[in-house]
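Observations on chain architecture
What follows is each chain in one-letter form.
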Amino acid sequence: GAPMPVVIEHIETQLVDLPTIRPHKLSMATMGCQTLVIVRMRHSDGVEGLGEGTTIGGLSYGPESPESIKCNIDTYLAPLLIGQSSANINALRARMNRHVRGNTIAKSALETALLDAQGKRLEVSVATLLGGTNHDHLPVLWTLASGDTQQDIEEAFQRLDDRRHCDFKLKIGANSVDQDVNHVAMIKEALGERASIRVDINQAWDESTAVRGIAALQNAGIDLIEQPVDARDKAAMIRLSRRFNVSMLADEAVQDTRDGLDLVCGGFSGAFALKIAKSGGPLEALELAHLAQASGMELYGGTMLEGTIGTAASLHAWSTLSEMAWGTEMFGPLLLEDDIVAEPLSYHEFGVELPAGPGLGITLDEDKLTHYSRK
Ligand code: MUC
Ligand code: MG
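Residues numbered from 1 in each chain as written. Chains lettered and ligands numbered in written order. Predicted model: local features only at pLDDT ≥ 70, side-chain atom pairs only at ≥ 80, totals over all residues. Heavy atoms only, no water.

1. A few points about the pattern of salt bridges
Summed over all chains, the structure comprises 25 salt bridges. Across the pair D251 and K278 runs a salt bridge, and its minimum N-O distance is 2.8 Å. You can see D251 sitting in the loop between β9 (247-250) and α9 (257-265) and its partner K278 sitting in helix α10 (residues 276-279), a full 27 residues away along the chain. By relative accessible area, which is 0% here, D251 ends up buried. The exposure class assigned to K278 is buried, which follows from its relative accessible area of 5%. Salt bridges linked by common partners bring K169, K171, D200, E226 and E329 together as one network. (Salt bridge = Lys/Arg side-chain N within 4 Å of Asp/Glu carboxyl O. Helix = DSSP H or I, 4+ residues; strand = E, 2+ residues; numbered from the N terminus. Buried < 20%, exposed > 50% of the residue type's maximum accessible area, 1.4 Å probe, protein only.)

2. With respect to the domain arrangement of the protein
Domain boundaries assigned for the protein yield domain 1 (8-128 + 367-372) and domain 2 (131-360). Averaged C-alpha coordinates put domain 1 and domain 2 at centres separated by 22 Å. Each side of the interface is counted separately: domain 1 has 46 residues, and domain 2 has 55 residues. Interface of domain 1 and domain 2: buried area, both sides summed, is about 3,900 Å²; carbon and sulfur atoms make up 61% of it. Considering only the surface of domain 1 that becomes buried against domain 2, R22, Y61 and A127 emerge as the three largest contributors, covering 16% of it. Put simply, domain 1 and domain 2 have four salt bridges between them. For the salt bridge of D338 with K368, the shortest nitrogen-to-oxygen distance reads 3.1 Å. (Domains from an automatic or database assignment. Contact = heavy atoms within 4.5 Å. Buried area = accessible area lost by both parts, 1.4 Å probe.)

3. Re the packing of helix α3 (residues 104-122) against helix α11 (residues 282-294)
Orientation of α3 relative to α11, taken along the N-to-C sense of each, is 105 degrees, at an axis distance of 8 Å. Taken together, the axis directions place α3 and α11 in an arrangement best described as roughly perpendicular. Contacts between α3 and α11 involve E111, T112 and L115 on the former and, on the latter, P282, L283 and E284. Looking at side-chain class alone, the contact of α3 with α11 contains three nonpolar, one polar and two charged residues. (Axes fitted to C-alpha atoms, helices over the stretch in contact; angles between N-to-C directions. Parallel < 35°, antiparallel > 145°, perpendicular 65-115°, else oblique. Nonpolar A, V, L, I, M, F, W, Y, C, P; charged D, E, K, R; others polar.)

4. Side note on the site of ligand 1
If you check the shell around ligand 1, you find 15 residues, and the closest are H24, Y61, K169, D200 and N202. A distance of 3.1 Å is found between an oxygen atom of ligand 1 and a side-chain nitrogen or oxygen belonging to D251. Protein burial of ligand 1: of its 290 Å² of free accessible surface, 100% is covered by the chains. For the shell around ligand 1, the per-class residue count stands at four nonpolar, four polar and seven charged. Residue assignment places the shell around ligand 1 across two domains, with domain 1 (8-128 + 367-372) and domain 2 (131-360) each supplying three or more. (Near = heavy atom within 4 Å. Polar contact = N/O pair within 3.5 Å; in protein donor to acceptor, adjacent residues only side chain to side chain. Areas by Shrake-Rupley, 256 points an atom, 1.4 Å probe, with all protein chains shown as cover.)

5. Focus on the sheet that holds strand β13 (residues 351-353)
Reading across the sheet, the three strands line up as β4-β13-β12 and stay open at both edges, with antiparallel pairing between neighbours. Every other strand in the sheet has two partners, leaving β4 (137-139) and β12 (347-348) as the edge strands with one partner each. Sheet topology note: the β4/β13 ladder contains three bridges and is antiparallel. Each residue of the ladder has a partner; that of H137, found in β13, is E353. (Pairing = 2+ DSSP bridges.)

6. Considering the state of the cysteines
On inspection of all chains with the given rule, the structure shows zero disulfides. The thiol of C33 is not disulfide-bonded; the next cysteine sulfur, from C71, is found 20 Å away. (Disulfide = S-S within 2.5 Å.)

7. Observations regarding unusual backbone geometry
That bond from G357 to P358 is cis: its omega, 0 degrees, falls within 30 degrees of zero. With respect to the helices, strands and loops of the structure, P358 is situated in the loop between β13 and α14 (366-372). Phi at E123 takes a positive value of approximately 60 degrees, unusual for a residue other than glycine. Inspection of the secondary structure assignment puts E123 in the loop between α3 and α4 (126-129). A positive phi angle, close to 60 degrees, is found at L305, a residue other than glycine. Looking at the secondary structure, you find L305 in the loop between β11 (298-301) and α12 (308-318).

Okay, here's the thing in structure tokens:
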């Protein structure tokens, strides 16, 4: 008779708490630890798919927390997938979206696990499943966010000397505009032409503060201004993008393709930060990328400071794109003191190597996973 179809048999979620190498200060939170939600999806052919859903600072970044991601996978999303055919990932994405609104980080973890399993089954990489690579080595910036100007400068020189990173993003918005501009200008002055300096305000400014702040940052030689205003205020993002010569990067304002369309139609000019967590997985994130390419928007490979699994999933997606004008920030694993995988990603020459498949090309270190899993 016909072969039995492969089905999804079991989905396990674990919260994994990993300490950061130093406090990471953002406008909305200071991180001393990162929590990964790790998904292990077992299929009837014995293949296991790995996925990761990660956010920043509990509930301070967005409406999903690590605990809600785990709970909503266990309670709502996993039961939609168990017993379903493993291979038709698009049908499973549609099924999840039909029954569950939002919760894109949880969906991204599951979509990643489906892609990893399918890649392992067919003995190809996730990038190959997504149509094949344009790039195997992707540029990666580093975020300077120790909270101390001098320490940030030392950190930047170290990264430059190690040929680890040559682009830096500074997290501002927690202090007054004058203090922030001063901090940024001192770092830019110290590094000069050796580095590209960008800033991320993470929605901390209102529009008039943004006008004042961006004018000063443009004068200081900053290359890119990320999400200065509230995610919901697309009109302000559009006005700011048209007012200044310095490039504007939409992050929280562009969760998915719908948001991208609104920004494009509203006359935004600048770049979009892609994140698998915002869109609901690598496939959805690439939909936004293709819209952006068709509309003349520039691209940037964004992170939610994921560990190696989420970072690898993102890299497989970004590797398929012909061009990312602003490179990527896929440095999450480097901010963490330890890892839960057998072999870390290879960072060198100001970028990272796309892990070879099958699937994501990532293997768990079971002892480390047990050690860092929340009891
Ligand atoms: C964000 O909003 O871009 C990316 C790098 C980093 O340090 O924080 C994230 C989040
Ligand atoms: Mg951002």
